[in-house]
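Structural characterization, general
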Amino acid sequence: MRQLTDTETKTLFEKLANYTGRSLNALLTDTSPTASTAKSSTPDRYVFRIQKDRVYYVRESLANLALSVARDNLLSLGTCLGKFTKTGKFRLHITALDIIAPHARYKVWVKANGEMPFLYGGHVVKAHVGRWSEDCPEHQGVVVMSMSDTPLGFGVTARSTGEARRLDPTGIVCFRQADVGEYLREEDTLFTT
């Protein structure tokens, strides 16, 4: 595992900032209750490391321990956020949902009748939206939640909040990027290198 270059870091942070906004800084420091009970007085930071083309979100102390393992022998460490494509773009994986959901700036809550179509790979239509964050602009990253506040996936808004209210019930509100149904649909290829 190695550190990200400046261009890789910029690309990654732009993608994450599309979903988290200013709370991107909170991803780099540990806010868990176990950090305050640790032996040291400073909390352990989180860092981003790359192995082959995949980016991992890992505690700095574990990343330092992983330096003793040869790159060929190390498959993964931490949480896989996504991967860089051959053209240099970054694509978030569904495994990043647990990381970005608590820090999401904009959210869309889906009614119970809209959960299954979304989990089978469909986009979110207006008839399935229970509520959404106010003043959400067009083409903004959002986390899709169930009405019981369970993260189901993430996507990009097709319309702003104001425009979406004037859509017909079959109009697409949010384009699906990833959903938790991928764990089953792409079971064979999700974690392969």
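Read on for a plain summary of the structure. What you see is a predicted model, and the numbers here were worked out from it, not measured in a lab.

Moving on, we come to empty space enclosed by the protein. For the structure shown, the criterion picks out 1 cavity of 30 Å³ or more. Considering only enclosed or pocket space, the largest cavity measures out at about 70 Å³ in volume. Around the largest cavity sit K107, V108, W132, S133, C136, V142, T157, R159, S160, T161, A164 and V173, which together line it. The set of elements that each furnish at least two residues to the lining of the largest cavity consists of strand 6 (107-110) and helix 6 (161-165).

Here the focus is the sheet that holds strand 2 (residues 46-51). With antiparallel pairing, 5 strands are arranged side by side in an open sheet as 1-2-3-4-5. Where the open sheet ends on each side, the last strands, each with one partner, are strand 1 (2-3) and strand 5 (90-92). The pairing of strand 2 with strand 3 (residues 54-59) spans 6 bridges and is antiparallel. Among the inter-strand pairings, R49 is bridged to a residue of strand 3, identified as Y56. Most of the contacts of helix 1 (residues 6-20) go to strand 5, to which it runs at about 40°, and overall it touches strand 1, strand 2, strand 3, strand 4 (79-84) and strand 5.

Applying the stated criterion across every chain yields a total of 5 aromatic pairs. Arranged with centres 5.4 Å apart and planes meeting at 75°, the rings of Y19 and F154 form a pair that is edge-to-face. You can see Y19 sitting in helix 1 and its partner F154 sitting in strand 10 (residues 151-157), a full 135 residues away along the chain. Side by side, Y19 and F154 carry an identical accessibility label, which is buried. Summarising the aromatic geometry, the rings of F48 and Y57 are spaced 5.5 Å apart at their centres and angled 40° between planes, so their arrangement reads as tilted. One exposure class covers both F48 and Y57, and it is buried. Taken together, the ring pairs connect F13, Y46, F48 and Y57 into an aromatic cluster.

Within strand 2, 6 of the 6 residues are buried, leaving the element largely enclosed by the surrounding structure. Taking every second residue as pointing to the same face, both faces of strand 2 are buried, with Y46, F48 and I50 on one and V47, R49 and Q51 on the other. Across 2 bridges, the pairing between strand 1 and strand 2 is antiparallel. Bridged to Q3 within strand 2 is R49. Joining the antiparallel neighbours strand 2 and strand 3 is a turn of 2 residues, in which K52 adopts a positive phi near 60°.

One open sheet accounts for 6 strands, arranged 7-11-10-9-6-8; its pairing is mixed. With one partner strand each, in any of the chains shown, strand 7 (124-125) and strand 8 (129-132) form the two edges of the open sheet. Across the sheet, helix 5 (residues 112-119) is in contact with strand 6, strand 7, strand 9 (141-146), strand 10 and strand 11 (172-179); its angle to strand 10 comes to roughly 75°.

The residue K52 is not glycine, and still its phi comes out positive at about 60°. Secondary-structure assignment places K52 in the loop between strand 2 and strand 3.

A few words on helix 1. An ideal rise of 1.5 Å per residue puts 21 Å on 15 residues; helix 1 measures up with 20 Å between its terminal C-alpha atoms. Of the residues flanking the end of helix 1, it is G21, one or two places downstream, whose phi is positive at about 70°.

Before going further, it helps to examine the environment of R71. Within the element layout of this structure, R71 appears in the loop between helix 3 (60-65) and strand 4. With 20 residues separating them in the primary sequence, R71 and Q51 have C-alpha atoms 7.8 Å apart. Beyond its immediate sequence surroundings of up to four residues, R71 is in contact with M1, R2 and Q51.

So, on to the side chain of T161. When you line up the elements, T161 lands in helix 6. Since its relative accessible area comes to 7%, T161 is described here as buried. What T161 contacts, discounting residues up to four positions off in sequence, is W132, S133, E134, D135 and C136.

Conventions and cut-offs
- Residues numbered from 1 in each chain as written.
- Predicted model: local features only at pLDDT ≥ 70, side-chain atom pairs only at ≥ 80, totals over all residues.
- Heavy atoms only, no water.
- 1 Å grid on protein atoms, 1.4 Å probe; cavity = no way out; pocket = protein on both sides within 12 Å on 5 of 7 lines; lining within 4 Å.
- Points joined across faces, edges and corners; volume = space filled by probe spheres on them.
- Helix = DSSP H or I, 4+ residues; strand = E, 2+ residues; numbered from the N terminus.
- Pairing = 2+ DSSP bridges.
- Contact = heavy atoms within 4.5 Å.
- Axes fitted to C-alpha atoms, helices over the stretch in contact; angles between N-to-C directions.
- Phe/Tyr/Trp six-rings, centres within 6.5 Å; stacked < 30°, edge-to-face > 60°.
- Buried < 20%, exposed > 50% of the residue type's maximum accessible area, 1.4 Å probe, protein only.
- Expected span 1.5 Å × (residues − 1).

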